[in-house]
Amino acid sequence: ERLRADLVGARARGEFTLVWQPVVDLEEQRVTGVEALVRWQHPVFGELEPDEFIPIAERAGLVGDLQRWVLAEAMTAAAALPEHGAPLQLGVNVSPVHVASGTLVGDVAQALQATGFPAQRLVVELTGTTSPAPVPAVAADHAALRLMGVHLALDDFGAGPSSLSQLTGTPVDVLKLDRTFLARVDKDRQTRALCAAVIGLGRDLGIDVVAEGVETPSQLTALRAMGCAYAQGFLLSRPLTLPALVALLDAGA
Ligand code: G
Ligand code: G
Ligand code: NA
């Protein structure tokens, strides 16, 4: 298929780019982190979103190569971001297929070493929605990453096959509350109760909770009322180009 063939040389041709979405501390009202999101500038089809090409890369055995580029590029760029206050945390998404391939730990270690980026500022975001049941090798990977000082986040928490049992394996540092909950957090009691429960669980377990996909002021109000510490979403900021992110940080966000 066309995209699959084009993916093979895309990295070498410099067609991948990153955009950056701020993570906001709701109490301090400032940006404390950024999530790096990959884009593919396809020569014919224009900008493609990861949902359109990560699955193809996974099936073609190319996701490790793509991910190594993302890790190095994200850390290089994040290391050079302006600091106003505490250094930003950097979130990088990893594909479950990459985790299962067994090279993730080595790839992260290599990128940390090559870029000099502090492991403590890296947050590896693991998607639960597509991952198979965690196998021991995967749990060992997670433990190895944490030993290196890297933080782990469970992405899209609460959606798909993600489950509470994920919290009994390797400790995680961050739960990212899936944006499908946010869409209704200010609309119905059941959703509000679920969000409050996840936020409370995070507090009890010492895990930071980030609400994803905040789009309206009323959603933000509901989250604040529940004591949610961090949020991400179009209301706070869309994913930005690097220059736009730098401008936002310099403006004292
Ligand atoms: O903005 P958005 O279309 O970027 O992202 C869609 C999905 O693609 C998200 O669920 C995100 O987790 C995933 N994604 C974004 N960037 C990367 C990446 O660098 N690697 C992997 N494996 N997934 C990513
Ligand atoms: O968490 P994941 O890595 O699954 O999320 C990243 C994806 O979510 C990207 O596609 C990004 O563009 C998208 N996204 C970020 N904020 C919002 C939002 O407020 N609303 C919606 N619908 N999507 C968002
Ligand atoms: Na993510």
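Residues numbered from 1 in each chain as written. Chains lettered and ligands numbered in written order. Predicted model: local features only at pLDDT ≥ 70, side-chain atom pairs only at ≥ 80, totals over all residues.

The chain goes by Sensor domain-containing phosphodiesterase in an unreviewed UniProt entry, where it is assigned to Klenkia sesuvii.

Some details on the overall build of the chain
Selection rule: Secondary structure elements follow DSSP: runs of H or I of four or more residues count as helices, runs of E of two or more count as strands, with numbering from the N terminus. Put simply, the radius of gyration uses C-alpha atoms, and a globule should come to 2.2 Å times the residue count raised to 0.38. Each residue is classified by how many other C-beta atoms fall within 10 Å of its C-beta atom, where C-beta atoms are placed from the backbone; a count of 20 or more means buried, 12 or fewer means exposed, and values in between mean partly exposed. We call two residues in contact when the distance between their C-beta atoms, placed using the backbone, is within 7 Å.
Counting its regular elements, the chain contains ten helices and nine strands. Radius of gyration (C-alpha) of the chain: 18 Å, near the 18 Å computed for a compact globule of 253 residues. On the principal axes, the C-alpha backbone points of the chain span a range of 50 × 45 × 35 Å. Counting over 253 residues, the chain shows a buried share of 36%. In the chain, of all internal contacts separated by at least 6 residues, the share reaching a separation of at least 24 is 65%.

Looking at unusual backbone geometry
Even without glycine at this site, Gln29 takes up a positive phi of about 55 degrees. Unusually for a residue other than glycine, Asp156 sits at a positive phi of about 50 degrees. Tracing the chain through its elements places Asp156 in strand E6 (residues 151–157).

Quick word on the packing of helix H1 (residues 2–10) against helix H2 (residues 50–59)
The relative placement of two packed helices comes down to the angle between their axes together with the axis-to-axis distance. Cut-off, in case you're wondering: Fitting a line to C-alpha atoms yields each axis, with helices limited to the stretch in contact; the angle taken between N-to-C directions then spans 0 to 180 degrees. For classification purposes, an angle smaller than 35 degrees is called roughly parallel, one larger than 145 roughly antiparallel, one from 65 to 115 roughly perpendicular, and anything else oblique. Any residue that is not Ala, Val, Leu, Ile, Met, Phe, Trp, Tyr, Cys, Pro, Asp, Glu, Lys or Arg is counted as polar, Gly included; the first ten are nonpolar and the last four charged.
For the pair H1 and H2, interaxial distance at closest approach is 10 Å and the crossing angle is 80 degrees. The angle between H1 and H2 falls in the class roughly perpendicular. Contacts between H1 and H2 involve Leu3, Arg4 and Leu7 from the former and Phe53, Ile56 and Ala57 from the latter. Grouping the amino acids of the contact of H1 with H2 by side-chain chemistry returns five nonpolar, no polar and one charged.

Section: the site of ligand 1
Applicable threshold: Only the C-beta atom matters for nearness: placed from the backbone, it must lie within 6 Å of the molecule or strand for the residue to count as near.
In the region of ligand 1, 14 residues are neighbours, and Leu37, Val38, Pro50, Asn93 and Ser95 sit closest. Secondary structure elements with two or more residues in the shell around ligand 1: strand E2 (30–42), H2, helix H3 (63–79) and strand E4 (89–94). Considering each element in turn, the shell around ligand 1 owes the most residues, three residues, to H2. Partitioning the shell around ligand 1 into residue classes produces seven nonpolar, four polar and three charged.

Considering the nonpolar core
Under the convention used in this document: We call a set of buried Ala, Val, Leu, Ile, Met, Phe, Trp, Tyr and Cys residues a nonpolar core when their C-beta atoms link them within 7 Å.
By size, the foremost hydrophobic cluster in this structure holds 64 residues, and its most contacted members are Ala74, Leu90, Val92, Val124, Leu177, Ala211 and Ala231. Here this core gets seven residues from one element, more than from any other, and that element is H3. When residues no more than four places from it in sequence are discounted, the contact partners of Ala211 are Leu177, Leu182, Leu223, Cys228 and Ala231.

Points about the packing of helix H5 (residues 104–115) against helix H6 (residues 136–147)
The condition is simple: Should the near helix be turned counterclockwise from the far one by less than a right angle, the crossing is left-handed, whereas a clockwise turn marks it as right-handed.
At a closest axis distance of 9 Å, the pairing of H5 and H6 adopts a crossing angle of 20 degrees. Our classification of the angle between H5 and H6 gives roughly parallel. Once H5 is placed against H6, the crossing between them reads as right-handed. On H6, the residues touching Leu104, Val105 and Val108 of H5 are Asp141, Ala144 and Leu145. Per-class residue counts for the contact of H5 with H6 are five nonpolar, no polar and one charged.

Overview of helix H9 (residues 217–225)
Worth spelling out the cut-off: Note that the arc is defined by the directions from the helix axis to the C-beta atoms.
Every buried residue of H9 is listed here: Gln219, Leu220, Ala222 and Leu223. The arc enclosing the buried residues of H9, seen along the axis, measures out at 160 degrees, which places them on a common side. Along H9, exposed side chains directed more than 90 degrees from the buried face belong to Pro217, Ser218, Thr221 and Ala225. Against helix H7 (179–182), helix H8 (189–205), strand E8 (208–211) and strand E9 (230–231) lie the buried residues of H9.

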